[in-house]
Amino acid sequence: MSSNTFIAFQKNEDTRCIVEAIVDDNPGAVVVDQPAMVKVDVPGRMVIKRTTVEEKLGREFDLQELQVHLITISGHLDETDDEFCLSWEQ
Amino acid sequence: MSVASIGPYEFESRDSLRHFNGKQLLYVNWEKHRMFSRPFVLALRPETPFSVLLEKYIPEAYAFHPDFPRIDWTQVIWQNSSMRFVPEPGKTLAENGIGHKDLIRFTTPGLDGLNGSGY
Amino acid sequence: MTTAPPKKLSLKERYTLMTRDLAWDTTYQPMSKVYPQVGYEGIKIHDWNRWEDPFRLTMDAYWKYQAEKERKLYAILDAFNQNNGHLTVTDARYINVLKLYLGSTPPLELMAARGFTNMGRQMVGAGPRVACLMQAVDEYRHFQTQIHSVSNYNKYYNGLDEFAHQQSRMWYLSDGKSFFDDAITAGPFEFMVAIGFAFEYVLTNILFVPFISGAAYNGDLAAMTVGFSAQSDEARHMTLGLECIKFLLEQDPDNLPIVQRWIDKWTWRGTRKLGAVGMMMDYMLPKRIMSFKEAWEIYFEQNGSALFNDLARYGIKVPACFSQTVVEKEHVSHQSWIGFYMKSRAMSFHTWVPGPEELDWLSEKYPNTFDRFYRPTLEHWDKMEKQGKRFVNNTQPMNCQCCLNTIKYNEPDDPMSTCFRESVYKGEKFHFCSDHCKAIFDHEPEKYVQAYISSHQALQGNCAPEGVDVTANDFDPARYMNDFWRLDPRATGDFNGSDDQKNFAAWRAQATTN
């Protein structure tokens, strides 16, 4: 069984859309609501796709904007213009 | 092992005996009475009689506990760190073999704290 | 000539251009003289270019997003303060968690800023240098924003104003000070493993995520926004720490045993540092979000296992202390609260016995330990307080020579007995709270013999005012300690009967009546 990757955000309108995008793109995603924050667990590998986030937000989105909302992550990170990827599979 | 360093690395202990003005450190702990959280520390001259612990410092520190008046002092087991010893109250700390930074632990058989909780 | 607009640079191109391409190797002086500290710890590096920041964050983007974070943070702080937000917290007991958390953390953030400034100077590769520079600025920002956040509380509540003076003197702040002093006086790679990896990656989730979410749950918008704003930087710090570990292990197989020792050492030091966080979660938040034990399971055991399973391919083993922390999660928060409750006259925050419903919550969350070991003491104290005999321990503590905590934790296999360990170095005895602290000392005794133990300083006479004969037989150092610490007497003692309790009730009544 592969380990969980996770990401947590402050709860706001932007991250509501980001979390929706994660759920769409990552089968097996589990959303955990906590006071003022939201955490998403995905086994093995999680990808946040710029295009999906843009669809949800209805505007252009630079993945580096995630910096403003992030609380914590778990997994090896690889970030490009199009994908923000966390993984325990090397 | 020693410290990896960019130059000589030698420092005196901050709590070596010479810093205590002729006194030495002594730690005292009542076993299985952890309501007091941790041992207490005193600085005493080595010529201090052991009886001062029994008559003054230990009662002052521990009298709050309901077990304290029930201690049978003839049954108490004494340790200096992990070594059992039988203190001679009339003799000094030094004569009882107690040196700088020694830890005196005493166990009171049959008394294990509130409801036997160790506290 | 074409007239097409220049193509926008990709993230990877921009990162390469603005980090590595701006760096150069020196020629007038050998690189080993320009970066003199990277060799002496025994770490071998062959190719600094292998270290890349996976966020690929460049300074221009850094300033842009950090500025946005600051604007959000201060807008919220202003609104909170203008709206008398301090009266919206669940209960005035809550303020005490801020006194402890924000009274101890800002000076540590400052030490982290100093440490990462030095790392930015010492790292040879441009990738880690830029990442360390950003982290240094982040840590300085945390130091400032925490003080700004607490300054509003300081207008209304006691015990918040002398944190800078107390940092180097106060008995219960010495564990945190020792932690950072140890790290910053180590070599650059040990500092990176200590703070970047063990503290940021493995442990700060416990501090910031459930605890700050708990602050939000208790209505403290100010601490929540400061905490989350800081935590948005931590994801980057954690990544730097993990990249550092991978980089060291990939560079040379000889690095493995050194890195393993640092992971063992700093995971344990961090665990001891977090004992007080357990007490904050289980005892000091009036509304509780999860127990310390649950947080430990999610953020240390599960997340840590994922990490160490992954690092196993390099030969890294789970830290030696891991199994002990799993046993201790059932105990540390209770043992910490007992230790603080009884010293209420020597602290700048209040303590109390939890109410009956809170005791029930603790029983439910800690079915294996709370009723058996801890509830009887708390109920006894409650009974005694109601008889006017509130428990106070007036003695001076014994501390661990390594982690500087008071020696208050139990033998791993016996919750009823205190754990004692000792070593003799150059004819002098040194005492420890655990096997792990003893092992850390035994490896570098020259370092830890310098530890500043508050009670010993008092007994040496270093805390009494001039003119007092500290060599006298009846010299009583305890008389002078509260002045030495600049402890506000209004901030000490039990919460019941405190100024904070009375003022909060009066102010909240004003806010809800005419």
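The model shown is predicted, which means the values in this text are computed figures rather than measured ones.

### Some points on the confidence of the model for chain C
In the predicted model, chain C carries a mean pLDDT of 94, and the fraction of residues at 70 or more is 100%. Both scores are available for the predicted complex, with the pTM at 0.95 and the ipTM at 0.98.

### Focus on the packing of helix α15 (residues 356-365) of chain C against helix α16 (residues 370-386) of chain C
Residues and elements named next belong to chain C. Where α15 meets α16, the axes come as close as 10 Å, and the angle between the chain directions of the two elements is 160 degrees. Classified by the angle between their axes, α15 and α16 sit roughly antiparallel to one another. Both α15 and α16 take part in a crossing whose hand is right-handed. Across from Leu-359, Leu-362 and Ser-363 in α15, the residues of α16 making contact are Phe-370, Asp-371, Arg-375 and Leu-378. Here the contact of α15 with α16 is composed, by residue class, of 4 nonpolar, 1 polar and 2 charged.

### Examining the interface of chain B and chain C
Taken together, the contact between chain B and chain C spans 42 residues of the former and 47 residues of the latter. Mapped onto the side of chain B that touches chain C, the elements with two or more residues apiece are β1 (24-30), β2 (40-44) and β5 (102-107) of chain B. Classifying every residue of the side of chain B that touches chain C by side-chain character gives 20 nonpolar, 12 polar and 10 charged.

### Thoughts on the sheet that holds strand β3 (residues 37-43) of chain A
The 4 strands are arranged β2-β3-β1-β5 (chain A) in an open sheet whose pairing can be described as antiparallel. The open sheet has two edge strands, β2 (30-34) and β5 (70-74) of chain A, and neither has a second partner. Adjacent strand axes in the sheet meet at a mean angle of 15 degrees, parallel and antiparallel pairs treated alike. Of the pairings in the sheet, the one linking β2 of chain A to β3 of chain A comprises 5 bridges and is antiparallel in character. Looking at the pairing, Val-30 of chain A lines up with Asp-41 of chain A of β3 of chain A. Helix α9 (residues 221-251) of chain C contacts β1 (4-10) and β5 of chain A of the sheet and is inclined by roughly 30 degrees relative to β5 of chain A.

Cut-offs applied
- Sequence order sets the numbering: in each chain, residues are counted from 1 along the sequence as written.
- Chain A is the first chain written and ligand 1 is the first ligand written, with later ones labelled in order.
- This being a predicted model, a pLDDT of at least 70 is required before a residue's local features are given, and a value of 80 or more before pairs of side-chain atoms are given or counted; all residues contribute to the totals for chains, interfaces and linings.
- Per-residue confidence from the predictor is reported as pLDDT, which spans 0 to 100.
- Axis definition: a line fitted to C-alpha atoms, limited for helices to the stretch in contact. Angles are taken between N-to-C directions and run from 0 to 180 degrees.
- In this text, helices come from DSSP runs of H or I with a minimum length of four residues, and strands from runs of E with a minimum of two, each type numbered from the N-terminal end.
- Just so you know how the angles are binned, under 35 degrees is roughly parallel, over 145 roughly antiparallel, 65 to 115 roughly perpendicular, and the rest oblique.
- For a crossing to be left-handed, the near helix must be turned anticlockwise from the far one by less than a right angle; the clockwise case is right-handed.
- Here, residue contact means that the backbone-derived C-beta atoms of the two residues sit within 7 Å.
- Classes in brief: Ala, Val, Leu, Ile, Met, Phe, Trp, Tyr, Cys and Pro nonpolar; Asp, Glu, Lys and Arg charged; the others, Gly included, polar.
- A pair of strands is treated as paired once DSSP finds two or more bridges between them.

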